[in-house]
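The lines below spell out each chain.
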Amino acid sequence: MTSASHTDHKYDPAAVEARAQSHWQQTRAFEVREDSARPKYYCLSMLPYPSGKLHMGHVRNYTIGDVLARSRRMRGYNVLQPMGWDAFGMPAENAAIQHNVAPAKWTRENIAYMKGQLQRLGFALDWSREIATCDADYYRHEQWLFTRLLEKGLIYKKKGVVNWDPIDETVLANEQVIDGRGWRSGAVVEKREIAMYYMKITAYAEELLAALDELPGWPQQVRTMQKNWIGKSEGVRFAFPYELDGEAGQLWVFTTRADTIMGATFVAVAAEHPLALRAAQSNPQLAAFIEECRQGSVAEADMETMEKKGVATGLFVRHPLTNEPVPVWVGNYVLMGYGEGAVMAVPAHDERDFAFAKKYNLPIRQVIAKDGETFSTDAWQPWYADKENVHCVHSGKYDGLAHEAAIDAIAADLAAQGLGEKKVQFRLRDWGISRQRYWGCPIPVIHCEACGDVPVPDADLPVRLPENVELTGRGSPLAKMPEFYECTCPRCGKPARRETDTLDTFVESSWYFLRYACPDAATMVDARAQYWSPVDQYIGGIEHAILHLLYARFFTRAMRDCGLLEHAEPFTRLLTQGMVVAETYYREQKNGKKDWFNPADIDVTRDEKGRITAAHLRQDGQPVVIGNTEKMSKSKNNGVDPQALIDQYGADTARFFIIFAAPPEQQLEWSDSGVEGAYRFLRRVWNYGQKMRAEILPAHTDSAAPQDAALRFELHTHLKQANHDLEKMQLNTVASATMKMLNVLEKAPAADTALHLEGFSILLRVLSPIAPHLCHALWQDCGFAERHHAELADAAWPQPDSAALARNRIEMMIQVNGKLRGKFEVAADASREDIEAAALAAESVQGFLAGATVRKVIVVPGRLVNLVI
RNA sequence: GCCGGGAUGGUGAAACUGGUAAACACAGCGGACUUAAAAUCCGCCGGCAUAACAGCCUUACGGGUUCAAGUCCCGUUCCCGGCACCA
């Protein structure tokens, strides 16, 4: 049963873990295939970007996934848990520029290293299904789908606005724009319009929204965020007619507050709006303002927080209901790519318009009133924007109408003139998927002067990304490679030019979970994808709550509508893990830039209460500023390397600590203390296992029964709690329960061998998903594999014994006026009257009852009695 | 700015459906064992007050509902995530 190397009494994580891992590898324990005899369980963690080495967030994510996967397997499920690499992306290009290494080489080396780390952590992964999104065997299918979606009209081309760095002549990601300047060049960033491909996600807006109600396995907060992001609103789209240079035109806007139209005192248009550009031709001041609006990033957060500015165009449109002239302004806060690129402004009933009108001295006209409130243009009051219990005033024939009625009447009048109608609008915008980057999936389109944009025929796929390139950081590499872009048109055979943009990396991560099911399929997916779909449990960071998860939901539907799948929702249950955060430390340079220091290089000073009072850089002993506690990131240099933890304490300790330290959905604040405690606990388990082998097992006979009912009650109470918490995915208290179980077993008399055996077999099974290596070794060494006829990974999950949990007397509390005053014992099946009588007679409350009248007695069976006096 | 979330002892946290606030740990303090150290084991450990008990207070802050509120409602502060080209 055991070999000499296993009989060493000291807990040696490295040896224990190598032993378990080689067992799993030799038995191919976690390679699975379709099996109609058992329920399937597809447990998926978000795939990592191969940035170099694992960070703590990865370890947390995959540990949570592994606990769920292993515990399901022990409950009889056919469990698939795969892993792969989100291998395209910007960091590889940055590394290439900085270290002069090809992105492909850099990425593949990172993958090899990180794979080794994942294997060292002992996750129950089916490595035979591993995929890397940068492999042509993966992205060829994505290119194939692209051409289908292009034909179906679900992908189309239009102009979009990007951040343009005029010095590096390159498009910048929002992340690369810092305070309006390019991160490398320092140049003031400009907005530039370029032609791009878009996925028509808005075609699915209604379905994506409605289906959120049918995702009970998703956290409510994620569903709410997606709902708000899709942003369905019902309103009125209408036009302000105008005449310009003798030509008639219409300026269209959308509003959800058509009941306030009579208070519209100006119209604001985006800087890129055709009317603005036309007016600027003869208005240098306006032209200068439009130029100013072109500067800065395209990020919405920047647009929303910047100072709202505007300039009058000098043009006027006519109010569609009053025919009065209304001035047209250009506002830097109006987005051309959103809605109509123009908004009506009602200063009296919109807070932003109010501020703008005050700033530029534009009229503020009240058209909504509320009983008991007085309107004043001096300061904004929240009720000005109310929709309930308000009515129209100063609005002619609409006076007295409530919100809904006014909208109906106004929409009808606009429609009668052909100047508007009710409309449902979504905040959701189509998904721009073109990237002017090198390290991504090439867009499979050929541009021909005669034939236009021609999709690459199936037979010519994949369009391979050339892998040996030099990156300079200027321009787009593919656009400088004639050997890549020079080609012939598949239709007419004449010389043509290949598209040099690549796809957004979110495209790869929108369907990878389907490819795991059939990684060797000749087509994009096959029947195996249907067997494993949908993913039963998805685990990943809360930061992906909107974009990635929404894109994947859309993509699954698009594939369904191409006949590739039968289902619409990719992920049945979702667990959004909290972030791993750590303190930040920095020093500010004279130019305002911050140098960030890693927590590992910092010594902190604490006061007698343990609070941090100061921090110093170990290297020079000089003080540093203590920043906020934030998500571990490269930019803030506050990452803690999990490798050091694994090297020192082993994978089981790292896993146990991460599970124990915080509930999965909550943020996990990293601290080195506590890891030691996890290690001590596992060592106690190991030492108990050695005692089991040396003392308990030799004394045990199979006919013996557990003796100590009180301890057995505690043991099964902890097991019941653990099972309940596991179901809720509150894994930290599952870990606590295993600690409580060990505390019980260490109290148990050595002679009660049956209790020890029962208890330890339960403990090992409950602990095994969290610390699988240690438990695997003890399970074998203590003979449980023979007793239970299964290796631990396949052992049946333990269930509490109801006989052990039965009680005939229970303890209840007595409150007097809601304050705890005493306790008493009562038979478990006592009647309400008996409980009440026992409570009133209890010694501990006599002092409070003396001279008082008991007005009311509240009995909560099994818990407490509250005496109201 | 907008959307979503969070705040409980020195620290991480627990408290099931509104019913004993602080389980389980970490750190700290005291003790046992030891020539000594490490390891291990035992005890104490929210605040005020007290010789000790009794008692009073306490779940970010301010109100409210209830026999009873960490939990529900209203308002506020601070922190975190996302905001469409970071992944």
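Here the structure is a predicted model, which means the values were calculated and not measured.

**As for the packing of helix H2 (residues 56–74) against helix H18 (residues 651–661)**
Orientation of H2 relative to H18, taken along the N-to-C sense of each, is 90 degrees, at an axis distance of 10 Å. In this view, H2 runs roughly perpendicular relative to H18, as classed from their interaxial angle. Contacts from Met56, Val59, Arg60, Thr63, Ile64, Asp66, Val67 and Arg70 in H2 reach Arg655, Ile658 and Ile659 in H18. Looking at the contact of H2 with H18, its residues break down into six nonpolar, one polar and four charged.

**What to know about the pattern of salt bridges**
On inspection of all chains with the given rule, the structure shows 47 salt bridges. A salt bridge links arginine 28 to glutamate 31; the nearest nitrogen and oxygen atoms lie 3.4 Å apart. According to the relative accessible area criterion, arginine 28 is exposed, its value standing at 56%. For glutamate 31, a relative accessible area of 38% gives the class partly exposed. We note a salt bridge from arginine 787 to aspartate 702, for which the minimum N-O separation is 3.1 Å. Taken together, the residues arginine 787 in helix H24 (residues 784–787) and aspartate 702 in the loop between helix H19 (675–699) and helix H20 (709–727) connect sequence positions 85 residues apart. What makes arginine 787 partly exposed here is its relative accessible area of 39%. For aspartate 702, a relative accessible area of 65% corresponds to the exposed category. Among the charged side chains, a salt-bridge network with shared partners connects Glu207, Arg553, Arg557, Arg560, Asp561 and Glu569.

**Examining the pairing of strand S22 (residues 452–455)**
As paired strands, strand S21 (residues 445–448) and S22 are joined by four bridges and run antiparallel to one another. Note that in S22 the partner of isoleucine 446 across the bridge is valine 454. Taking the residues between adjacent antiparallel strands as the criterion, S21 and S22 are bridged by three residues.

**Remarks on the state of the cysteines**
Applying the stated criterion across every chain yields a total of zero disulfides. Considering cysteine sulfurs only, cysteine 448 is the nearest to cysteine 492, which forms no disulfide, with 3.6 Å between them.

**So, helix H17 (residues 642–649)**
Side chains three or four residues apart in an α-helix point the same way, a direct result of the helix having 3.6 residues per turn. If you check which residues of H17 are buried, you get Pro642, Gln643, Leu645, Ile646 and Tyr649. Take H17 and look down its axis: the buried residues cluster within an arc of 160 degrees, on one side only. Facing away from the buried side of H17 by more than 90 degrees, the exposed set consists of Asp647 and Gln648. Check the buried side of H17 and you find it contacts helix H1 (13–26), H2, helix H4 (103–120), H18 and H19. At the N-terminal boundary of H17, the capping side chain belongs to aspartate 641, with an oxygen 3.0 Å from the backbone nitrogen of glutamine 643. A positive phi of about 100 degrees marks glycine 650, the residue just after H17.

**Examining the sheet that holds strand S6 (residues 170–172)**
With antiparallel pairing, four strands are arranged side by side in an open sheet as S6-S5-S9-S19. Every interior strand has two partners, whereas the edge strands, S6 and strand S19 (431–432), have only one. Pairing geometry for strand S5 (residues 155–165) and S6, over three bridges, is antiparallel. When the bridges of S6 are listed, tryptophan 164 appears paired with valine 171.

**Remarks on empty space enclosed by the protein**
Taken as a whole, this structure holds six cavities of 30 Å³ or more when the rule is applied. Quantified by volume, the largest cavity comes out at close to 240 Å³. Along the wall of the largest cavity there are 23 residues; nearest its centre are Glu93, Ile97, Thr170, Gly473 and Gly475. When residues of the lining of the largest cavity are traced back to their parent elements, those giving at least two are helix H3 (90–99) and S6. Per-element tally for the lining of the largest cavity: the top contributor is H3, with four residues. Considering only residue class, the lining of the largest cavity consists of eight nonpolar, eight polar and seven charged. Space inside the second largest cavity adds up to approximately 90 Å³. Around the second largest cavity sit Tyr41, Leu68, Ser71, Arg72, Arg75, Gln537, Arg573, Leu726, Glu727 and Met729, which together line it. Within the residue set of the lining of the second largest cavity, elements represented by two or more residues are H2 and H20. By residue number, the principal contributor to the lining of the second largest cavity is H2, which donates three residues. Class assignment for the residues of the lining of the second largest cavity results in four nonpolar, two polar and four charged.

What counts, and where the lines are drawn
Sequence order sets the numbering: in each chain, residues are counted from 1 along the sequence as written. Labels follow written order: the first chain is A, the first ligand is 1, and so on. Owing to the predicted nature of the model, reporting of local features is limited to residues with pLDDT of at least 70; listing and counting of side-chain atom pairs is limited to 80 or more, with chain, interface and lining totals taken over all residues. Only hydrogens and water are set aside; all other atoms, that is, all heavy atoms of the structure, feed into the side-chain values. To obtain an axis, a line is fitted to C-alpha atoms, over the contacting stretch when the element is a helix, and the angle between two such axes runs from 0 to 180 degrees between their N-to-C directions. Each helix corresponds to a stretch of at least 4 residues labelled H or I by DSSP, and each strand to a stretch of at least 2 residues labelled E; elements are numbered beginning at the N terminus. Roughly parallel means an angle under 35 degrees; roughly antiparallel, over 145; roughly perpendicular, 65 to 115; everything else is oblique. Should any heavy atoms of two residues lie within 4.5 Å, those residues are considered in contact. The classification used treats Ala, Val, Leu, Ile, Met, Phe, Trp, Tyr, Cys and Pro as nonpolar, Asp, Glu, Lys and Arg as charged, and all other residues, Gly among them, as polar. Counted as salt bridges are all cases of a side-chain nitrogen of Lys or Arg within 4 Å of a carboxyl oxygen of Asp or Glu. Only protein chains enter the calculation, and the probe is 1.4 Å; a residue is then buried if its accessible area is under 20% of its type maximum, exposed if over 50%, and partly exposed in between. DSSP calls a pair of strands paired once it identifies at least 2 bridges connecting them. Note on disulfides: each one is a pair of cysteine sulfur atoms within 2.5 Å. The arc in question is formed by the directions pointing from the helix axis toward the C-beta atoms. Whenever two N or O atoms come within 3.5 Å, that pair is a polar contact, provided that in protein one can donate a hydrogen and the other can accept it, and provided that, for residues adjacent in sequence, both atoms are side-chain atoms. As defined here, a cavity is a set of points on a 1 Å grid over the protein atoms alone where a 1.4 Å probe fits but cannot get out. A pocket is an open set with protein on both sides within 12 Å along at least five of seven lines, and residues line them when an atom is within 4 Å of a point. Grid points are joined across faces, edges and corners, and a volume is the space filled by probe spheres set on the points.

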